[in-house]
Amino acid sequence: MTIKTTQNSRPSRRKLPFVKTLATLATAAVLSMSQAHATIVDIDFEDSAFSDVSLFVNGDTVEYKNVLFKTESLDDGLSGALIDGSDPFTFFNLGFPGNNISAYYAAVNNGWFSIQHKIAGAGIRLTGLDFSFIAPLPGFLNFTVGQLVVAGQKADGSFNFAARDFAGQDAQGNWQFDTWNSISSDLGGGKFTNISVLACLYTDTGACVFVDNNQAQFAVDNLAVDVAAPATVGLFALSLAGLFAANRRRQQAK
Amino acid sequence: MKLSQMSLAVAAVLAASFAAQASEVRRPYVVQLAAAPAASYTGGVAGFAATKPAAGQKLDVDASAVQNYLGYLDQVHSNVLAAVPEVEAIHQFNLVFNGFTAMLTDAEVRALKKNSSVAQIQVDEPHELTTNYTPAFLSLDAADGIWAKAGGQGAAGEDIIIGIIDSGVSPENPAFADRVDANGVPTFDLGATQVFGPAPAKWKGECSPGEGFSLNHCNNKLIGAQFFDATYRSVVAQGLYTPHWSDFQSPRDNGGHGTHTATTAGGNANVMSNVNGVAMGKASGIAPRARIAAYKVCWSYQDPANVLLPRNSCFTGDNVAAIEKAVKDGVDVLNYSISGSQTSVNDAVELAFLGATNAGVFVSASAGNSGPGNAVAHLGPWLTTVGASTHDRFNAGNVILGNGASYEGGSLNGAALAASTFILARDAAKDGANLTNAALCFGSADGVSLLDPLKVAGKVVVCDRGSNVLVNKSQAVKETGGIGIVIGNVQLTNNTITSIDHGIPAVHIDKVSTDAVKAYLAAEPAATLAMSKFAAKKGTVAAPVMAAFSSRGPNRGYPNILKPDLTAPGVEILAGYTPTLNEAQRNEVANGAAAPAAWNFLQGTSMSSPHIAGLGALLKQQYPNWTPAMIKSALMTTGSMTFADAQPGQAAGQLPWAQGAGHVVPNKAAAPGLVYDIQPVDYTRYLCSISLPSIPQSTCNAVGKISDVNLNLPSITLANVLGKTTVTRTVTHVGTGTATYTASSSIPGFSIDVVPSTLTLAPGQSASFTATVTRTSAALNTWAFGSLKWTDGATVVSVPVSAKGTGLAAASALYSENVKGNILYTIGTGFAGAMTSQVGGLKAATVKSLTIGQATPGTIETSAQLATACLSGAKGTVLQTVVAPANTLVLKAATYNAETSGHNMPGGDDIDMVLMNSANTVVATSLRAGSDEEVQLMTPAAGTYKVCLGGYGLASGTQSDFNLSTWAVTTADKGGNFKLVLPGSATIGGSATTAVSWSGLATGKRYMAAIRYIVAGSVQGTTLVRVETNDPLPEVTRVKPVVVAAN
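In this text, all values refer to a predicted model and were calculated from it rather than measured experimentally.

(A) Broad picture of the overall build of chain B. When helices and strands are tallied, chain B shows 19 helices and 54 strands. Scored against the burial criterion, the 1047 residues of chain B give a buried share of 59%.

Here you go:
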């Protein structure tokens, strides 16, 4: 399958992370970290750190067990929401997921999210998550709507991609959460300094494209994030933070 | 354990504990279950095949698949009922509606709310007949006249069964005879010629004997007569209602309404009608050869608020039971001249009619008599909803003044009245009487007698039209010794004239004539006035004109669906009636004595609806394979424009909001050329698209969805043209020979592009087209009206097109019951770029504990009367002020049944409410049954408003302690950490997700917030957010019957 990116004509708009190469963190990329035991953080969105924000816009960041969960968007409007799946009132007229009565995160409009180790530049792996589509309106769509796309950014700034079709709807017309447990291997098995999760929609010709019309909305739950880091990570982190700050100063000075 | 299982278990525990409180007051509810009824079931339950009939076919109840599925539904009912062991179902439904009705305590309602098999619970609300309910004790004097039949001849309606869901049937009326005498006149004489064969084979119904009704009262014309009163009897048993002596526990009509609608739709031809024994000429129903099946659902009871007049209501549970039985019995057509919801199709009666339509039954329903206000009822697109208009026959009589001047008006005077002295009612008022009400001739029937017998005796009285019922005026004159009445119109906007039998000489004249009569009296001390005998004539006033009382659109629940659909005669309709019986005579009839046949003139959308039912029967006879939608299409696309009325603005009679697609033209409807058909599955798809909570999602899974604008109705109504909207329609050629139709269309301020613009169709062939409606010069938020026509040169197939351009489409209201939470909702966007907003709230209600007394019965029937009573400090009223500061987004006041001291007493409290501005003008009204009242103003002008409350009917009979909740939410109000986050960008014709969140609310309160959306500097929509943290009970929303038809 093809993944295309939309060419955004408005210069003021933010770009998708892998369209525009982010500020280089090459220094961090060549740091070799000693291998440690897998330490999995399960981001299940039950923590009040998420529900206290409730509605998310571009840049909103929640720190949860060594992971920075950051809402990103093409615009400054509503881009995410923390959903209580057991609340019958939370969706008014959207086509929403039906098989999750716990808390989960919904990326809406032109929003997506990214995760990073709270120590800038430290590598993480996303090993699995649950995901569902969210439609603008209720009702049945008798076709596969699109894919969830995971973009892992390596320390050298390059990206690896993995994608999987959204599940369909159940007999009640509710969208279904599906579990994706092979993300890490689908991404090539390595660690990433930043992992973005977003949605593309299929066109009539079968291409899955990124859109800016508020329609590629999705929900995620139970992100399993491997945050294992070398024992000396603290020293590395300090130096990385310093490098990153210097890099930003250089950029701002341009 | 999952949460859903846990809540079930909790519900069961709670239900068990509620048994200990069984002495609590029970109220009637409709409990709808989450599975399709048999008429609409398309499969999906393992082991049970689909049961919905194919298009154009009727449901076969005896088929094994149907019986199996009905058995499955019964099992589900049993499981649900087992969880509330104290509850006994009154009715159980599974054919056209899946659910049951029962008397429930508050606790049982809350327990069932949490049961996953329950789709929803609604209050079983009584509905009213949509006509003026004429009191039976009025004596009606002789008159002479004729009402020309508007129906067919010979075999019209042969073997078509019309079901009438109404107040019963008066079986002695020869309109229901199955024999004719030597002159072809219908008769019950057993020696006469039998002209109706046995009931058609499809008929499976029966004749149910009861008080004053025996099996012998049914025959081959009146093939069925049944009654449904289980819900009514349950509320009587609870002490909530007291039956009125005049009714019969049987199919026998009390009040005449059911006999009137039945004889209008399908009464025999050549019936010699009379009013009180005086011949009125021959009358006929629209489909005189049809068979009639009567289903009595409306019952008369004592009105504690007005002991002089019995009330008559029809409970939802009994209505649904009748609909279900009628479908099972095999009727082809149903008439329903009974009130209905003005805001929702999520109502058991409305949904049962969907089941009936799916089963192949054509249903005609009355639009309501709350015009010229925007109050059209019966919003289901499967129904044919009928407005009322005038016809061109006119019963004329003259007022002849002493100076020789003569003014023609409406009259049924059987004899002339010699020159007599006369007086204006205002000048005949008792000392100290309210002169406005005296001028209107208030009398005992209005609960207060304002005319002075010393001034009235021996004179003709001139009474102003308006406010109270016309026959109440004449009764007031008669009871104070007057010898005649002139009813004079005083407003150009209410200037139709009527000819009603008033029991005394009477002429009803228009405003110009009234002014002249008054001027003459003022100038001439020895003024006299005479009246002529009436004569039937073709009216000089153009007809049809929409009746002022006919409820107007637009559709308040589903703005993209046109309602009413069309109009038909509903003013001064002569048809069968019930005789006037005193209590002793009533008892004789109840014991088997024969009652005389009777006729009467009535008006209301109740009278227009059976005209359409009769026409539906004629079309069903002519085209047996037509679906109900094809019949409706034929009636609508061939309608004609009514003549202009005097109503201003959106109430104007010539707009689709009043006349729908137009006035019915029967001869054209019989050859419509093209029809817009709707398969039953499309109704279900439509309901899936509006997310009706009671439609099982498994059904939606099977059928998908169709947006409201694309439902294949013979009307196009677009309330939110976000730049442009494209709709799809399909037409089917029902004429003979291949024909080529060409489209033409126009609507001011918009362009319409029809693709393809020509269609060549063989007989029976269908073709689809699209119509793209693009806003060009029309102002935003303003309706424009036009049409789309297909013609082959001879036949014109016309549908009304109504469109309103908007910048944004957002939900008007959001709701939650959580102390912390959020709501995500989709808005439609008609602009590109960003938007801004103004927000106020959340703000808890200001709750004030108050006490109100019982008002004098009959004094606070209307909003104007209630307002006047409050301002004068009358007994039984309470006046409170509420301030709207600058920048108020919403002002609201509410009372709740559960917060009245009569809530747990039989009957409960009925408190009413109006809201007045600082100039004492009524700006919002809430006259519901019970005390769930609310008045609300969006963006009110700053100032002090008055909330006026009236003790309409209190359980204690003396007083009620209650809470008044008020809100004035301004942009300065912040609370509950309420936050609105808008989408950052929008596209023309696109959508976006918007959200609100809040936290930290207290339990047990009602909060409100308001949002205004601003696009390019102007407000493009509002949303109210209600958060009720008090686990509220379902609200009663029924408006008390409005007596409008003849005032």
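Structure shown, so let's carry the discussion forward.
(B) Structural detail: the overall build of chain A. What chain A contains, in helices and strands, is four helices and 15 strands. Classification of the 254 residues of chain A by burial places 44% in the buried group.

(C) Structural detail: the confidence of the model for chain A. Residues and elements named next belong to chain A. Overall, the predicted model of chain A reaches an average pLDDT of 79, with 74% of residues at or above 70. Counting contacts from residues 1-36, a segment whose pLDDT is below 50, to residues more than four positions away or on other chains yields 62 contacts. Across residues 231-254, where pLDDT falls below 50, the model places 20 contacts with residues more than four positions away in sequence or in other chains.

(D) View of the packing of helix H13 (residues 605-622) of chain B against helix H14 (residues 628-637) of chain B. All names here are of chain B. Their axes nearest at 10 Å, the elements H13 and H14 cross at an angle of 115°. The angle between H13 and H14 falls in the class roughly perpendicular. Judged by the twist between their axes, the crossing of H13 over H14 is right-handed. Between H13 and H14, the contacting residues are Ile-612, Leu-615, Gly-616, Leu-619 and Lys-620 on the first element and Ile-631, Ala-634 and Leu-635 on the second. Residue classes in the contact of H13 with H14 are distributed as six nonpolar, one polar and one charged.

(E) Structural detail: the nonpolar core. Of all hydrophobic cores here, the largest spans 230 residues; its most connected members are Ile-162 and Val-461 of chain B. Not counting the four nearest positions on each side in its chain, Ile-162 of chain B is found in contact with Ala-265, Gly-266, Ala-287, Ala-290, Ile-292, Val-331, Val-333, Asn-335, Ala-613 and Ala-617 of chain B. By size, the runner-up hydrophobic cluster in this structure holds 120 residues, among which are Phe-192 and Phe-218 of chain A together with Met-913 and Leu-915 of chain B.

(F) Structural detail: the sheet that holds strand E42 (residues 836-844) of chain B. Residue and element names in this part refer to chain B. Strand order in this open sheet of four strands is E40-E54-E53-E42, and the pairing throughout is mixed. At either end of the open sheet lies a strand with only one pairing partner, and these are strand E40 (813-816) and E42. For this sheet, the mean angle separating the axes of adjacent strands, direction not counted, is 15°. Across four bridges, the pairing between E40 and strand E54 (residues 1018-1028) is parallel. Residue pairing in the sheet places Tyr-815 in a bridge with Arg-1026 of E54.

(G) Molecular detail of the packing of helix H5 (residues 257-266) of chain B against H13 of chain B. All names here are of chain B. Direction vectors running N to C along H5 and H13 enclose 35°, while the axes themselves pass 7 Å from each other. Judged by the twist between their axes, the crossing of H5 over H13 is right-handed. Contact with H5, carried on its side by His-257, His-260, Thr-261, Thr-264, Ala-265 and Gly-266, involves Ser-606, Met-607, Pro-610, His-611, Ala-613, Gly-614 and Ala-617 of H13 and no other residues of that element. Residues belonging to the contact of H5 with H13 are distributed by class as follows: five nonpolar, eight polar and no charged.

(H) Representation of the environment of Ser-812 of chain B in the model. All names here are of chain B. Mapped onto the fold, Ser-812 is located in the loop between strand E39 (808-809) and E40. You can call Ser-812 exposed: it has 9 C-beta atoms within 10 Å. Spatially, the C-alpha atom of Ser-812 lies 6.0 Å from that of Leu-1024, the residues being 212 residues apart in sequence. When neighbours within four sequence positions are excluded, Ser-812 is seen to be in contact with Thr-1022, Thr-1023 and Leu-1024.

(I) Here's a closer look at the interface of chain B and chain A. Between chain B and chain A, the contact holds 39 residues from the first and 34 residues from the second. For the side of chain B that touches chain A, the secondary-structure elements that each account for two or more residues are helix H1 (3-18), helix H17 (680-689), helix H18 (697-703), E40, strand E41 (821-829), strand E51 (979-981) and strand E52 (990-998) of chain B. Among the elements that take part in the side of chain B that touches chain A, E52 of chain B stands out by supplying seven residues, more than any other. Of the residues contributing to the side of chain B that touches chain A, the split by class is 14 nonpolar, 21 polar and four charged.

(J) Representation of helix H19 (residues 863-871) of chain B in the model. Residues and elements named next belong to chain B. Counting buried residues in H19 gives seven out of nine residues, a clear majority hidden from the surface. On its buried face, H19 is in contact with strand E44 (877-884), strand E46 (910-916), strand E47 (922-926) and strand E49 (943-953). In the stretch just after H19, Gly-873 is the one whose phi turns positive, near 70°.

(K) Molecular detail of helix H6 (residues 316-329) of chain B. Between the first and last C-alpha of H6 of chain B there are 20 Å, a value that for 14 residues agrees with the 20 Å anticipated at 1.5 Å per step. Here H6 of chain B lies mainly inside the structure; 13 of its 14 residues are buried.

(L) Representation of the environment of Asn-437 of chain B within the structure. Residues and elements named next belong to chain B. Relative to the helices and strands, Asn-437 resides in helix H8 (residues 435-439). The class for Asn-437 is buried, based on 21 C-beta atoms found within 10 Å. Sequence separation of Asn-437 and Leu-450 is 13 residues, and the distance between their C-alpha atoms is 7.5 Å. Leaving out residues up to four positions away in the same chain, Asn-437 has contacts with Phe-442 and Leu-450.

(M) Geometry of the sheet that holds strand E35 (residues 758-761) of chain B. Residue and element names in this part refer to chain B. Read across the sheet, five strands follow the order E31-E38-E37-E33-E35 without closing on themselves; strand pairing throughout is mixed. Two strands lie at the open edges of the sheet, namely strand E31 (716-721) and E35, each paired on one side alone. Across this sheet, the average inter-strand angle for adjacent strands is 20°, counted without regard to direction. With five bridges joining them, strand E33 (residues 739-746) and strand E37 (residues 783-791) adopt antiparallel strand pairing. By the bridge assignment for E37, Ser-744 is matched with Lys-789.

(N) Quick look at unusual backbone geometry. All names here are of chain B. Of note, the amide linkage connecting Gly-553 to Pro-554 takes the cis form, showing an omega dihedral of 0°. Along the chain, Pro-554 turns up in the loop between strand E26 (535-538) and strand E27 (566-569). A cis amide bond, omega -5°, links Lys-563 with the succeeding residue Pro-564. Relative to the assigned elements, Pro-564 resides in the loop between E26 and E27.

(O) Main features of the pairing of E47 of chain B. Residue and element names in this part refer to chain B. Judged from the four bridges that link them, E46 and E47 form a sheet pairing that is antiparallel. Bridge pairing links Leu-915 to Ala-924 in E47. Hairpin connection, E46 to E47: the antiparallel pair is bridged by five residues, and Asn-920 has positive phi, about 65°.

(P) Region of interest: the environment of Glu-1028 of chain B. Residues and elements named next belong to chain B. Within the secondary structure layout, Glu-1028 lies in strand E54. The exposure class of Glu-1028 is partly exposed, given the 17 C-beta atoms found within 10 Å. Counting along the chain gives 24 residues from Glu-1028 to Gly-1004, while the straight-line C-alpha distance between them is 7.5 Å.

(Q) The arrangement of the confidence of the model for chain B in detail. Confidence along chain B averages 87 in pLDDT terms, with 92% of residues attaining 70 or more. The low-confidence segment residues 1-23 of chain B (pLDDT under 50) makes 27 contacts with residues lying over four places distant or belonging to another chain.

Thresholds, definitions, all that
Residues numbered from 1 in each chain as written. Chains lettered and ligands numbered in written order. Predicted model: local features only at pLDDT ≥ 70, side-chain atom pairs only at ≥ 80, totals over all residues. Helix = DSSP H or I, 4+ residues; strand = E, 2+ residues; numbered from the N terminus. Buried ≥ 20, exposed ≤ 12 C-beta atoms within 10 Å, placed from the backbone. pLDDT = per-residue confidence, 0-100. Contact = placed C-beta atoms within 7 Å. Axes fitted to C-alpha atoms, helices over the stretch in contact; angles between N-to-C directions. Parallel < 35°, antiparallel > 145°, perpendicular 65-115°, else oblique. Left-handed = near helix turned anticlockwise from the far one by under 90°. Nonpolar A, V, L, I, M, F, W, Y, C, P; charged D, E, K, R; others polar. Core = buried A, V, L, I, M, F, W, Y, C linked by C-beta atoms within 7 Å. Pairing = 2+ DSSP bridges. Expected span 1.5 Å × (residues − 1).

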